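What follows is each chain in one-letter form.
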Amino acid sequence: MAKVKVISAWLDACAGCHMSFLDIDEAIIGLADKIELLATPITDFKEFTPADVGIIEGAISNEHDEEVAKQIRANCKILMVWGDCAVFGGIVSMRNLFSNEEVLDRYYSTESTTINSKIPCSEELPPLVKVKPINQVVKVDCYVPGCPPSAKAILYALSELLEGRIPVLPSETMRYD
């Protein structure tokens, strides 16, 4: 039986969701027999190849994030999002209470630890957009909320997908630290 091909990305978030994925510990060995990870935040591929499952952690907070979400959606049959940032916008969306100028000024002028810090300016830096959950940009098939979601919830969701079912998470797998 062919392995299920998986691509994943980490957008605007803390990486806690992918850390929870790694927290499935020895169960990852069983998953490795069934899935093939084509792209992950660790591999840092800039292009996504067609896959069965796409996984996104984090919110959309700039134009690059929007493009990554669209690329993953276009290249996967089922899109699953992990964590409150991807599902609801999460703590990252608190930025929406301020203008982009206020956020950048606070980060680079008020909170900076360097002398004469200035706001970076480059065409390579993607413009900030209003922070939003993934489903406001692309269609999402499966949600795994939590901050971060528990390893148990992630393993359950992946196991259900491998069995050909869209997972409906039992409430006891939810975690909000």
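Residues numbered from 1 in each chain as written. Predicted model: local features only at pLDDT ≥ 70, side-chain atom pairs only at ≥ 80, totals over all residues. Heavy atoms only, no water.

K.L.:
I'm lost on the overall build of the protein chain in this one. Help?
P.N.:
Each helix and strand counted, the protein chain has 6 helices and 7 strands in total. Moving toward the C terminus, one meets the helices and strands of the protein chain in the order β-α-α-β-β-β-α-β-α-α-β-β-α. Taken over C-alpha atoms, the radius of gyration comes to 17 Å for the protein chain, in line with the 16 Å a tight globule of 177 residues would show. Oriented by its inertia axes, the alpha-carbon framework of the protein chain measures out at about 55 × 35 × 30 Å. (Helix = DSSP H or I, 4+ residues; strand = E, 2+ residues; numbered from the N terminus. Rg over C-alpha atoms; globule rule 2.2 N^0.38 Å.)

K.L.:
Sorry, what's going on with the sheet that holds strand 5 (residues 76–82) here?
P.N.:
Sheets are built from strands that pair by backbone hydrogen bonding, the pairs being arranged parallel or antiparallel. One open sheet accounts for 5 strands, arranged 2-1-3-5-7; its pairing is parallel. Each edge of the open sheet carries a strand with a single partner, namely strand 2 (35–39) and strand 7 (142–144). The sheet shows a mean angle of 25 degrees between the axes of neighbouring strands, taken without regard to direction. Bridge count between strand 5 and strand 7: 3 bridges; the pairing is parallel. The partner of methionine 80 across the bridge, within strand 7, is cysteine 142. Sheet strands touched by helix 3 (residues 63–75): strand 1 (4–10), strand 3 (51–57) and strand 5. Its angle to strand 5, the strand with the most contacts, is close to 135 degrees. In this fold helix 6 (residues 151–162) packs onto strand 1, strand 2, strand 3, strand 5 and strand 7, with an angle of close to 165 degrees to the strand it touches most, strand 5. (Pairing = 2+ DSSP bridges. Axes fitted to C-alpha atoms, helices over the stretch in contact; angles between N-to-C directions. Contact = heavy atoms within 4.5 Å.)

K.L.:
Got a minute to help me understand empty space enclosed by the protein in this structure?
P.N.:
Sizing a probe to match a water molecule and rolling it over the atoms shows the empty space that remains. Under the criterion given, the structure shown has 1 cavity of 30 Å³ or more. Here the largest cavity defines a volume of roughly 60 Å³. Considering the residues around the largest cavity, the lining is formed by Val4, Val6, Leu31, Ile35, Val53, Leu158, Leu161 and Leu162. For the lining of the largest cavity, the secondary structure elements donating two or more residues are strand 1 and helix 6. Ranked by the residues each element gives to the lining of the largest cavity, the list is headed by helix 6, at 3 residues. Grouping the amino acids of the lining of the largest cavity by side-chain chemistry returns 8 nonpolar, no polar and no charged. (1 Å grid on protein atoms, 1.4 Å probe; cavity = no way out; pocket = protein on both sides within 12 Å on 5 of 7 lines; lining within 4 Å. Points joined across faces, edges and corners; volume = space filled by probe spheres on them. Nonpolar A, V, L, I, M, F, W, Y, C, P; charged D, E, K, R; others polar.)

K.L.:
What is the right way to read the environment of glycine 83 from this model?
P.N.:
Position of glycine 83 relative to the elements: it lies in helix 4 (residues 83–88). For glycine 83, the contacting residues outside a window of four places in its chain are Cys17, Val144, Pro145, Gly146 and Pro149.

K.L.:
Got a minute to help me understand the layout of surface pockets in this structure?
P.N.:
Here the largest pocket defines a volume of roughly 530 Å³. Val103, Leu104, Tyr107, Tyr108 and Leu128 are the residues nearest the centre of the largest pocket, which is lined by 19 residues in total. Top contributing element to the lining of the largest pocket by residue count: helix 5 (residues 100–110), with 7 residues. Size it by volume and the second largest pocket reaches roughly 450 Å³. Around the second largest pocket sit 21 residues that line it, and Trp10, Leu11, Asp44, His64 and Val68 are the ones nearest its centre.

K.L.:
Mind showing me how you'd approach the nonpolar core here?
P.N.:
A general trend in soluble globular proteins is that nonpolar side chains are found buried together. Counting 21 residues, the largest nonpolar core has Ile7, Phe48, Ile56, Ile72, Leu79, Val81 and Ile134 as the members making the most contacts within it. Elements that contribute at least two residues to this core include exactly strand 1, strand 2, strand 3, helix 3, strand 5 and helix 4. Discounting chain neighbours no more than four positions away, the residues touching leucine 79 are Gly54, Ile55, Ile56, Ile72, Arg73, Ile134, Val138, Lys139, Val140, Asp141 and Cys142. Counting 20 residues, the second-largest nonpolar core is a separate cluster that includes Ile24, Leu31, Trp82 and Leu158. (Core = buried A, V, L, I, M, F, W, Y, C linked by side-chain atoms within 4.5 Å. Buried < 20%, exposed > 50% of the residue type's maximum accessible area, 1.4 Å probe, protein only.)

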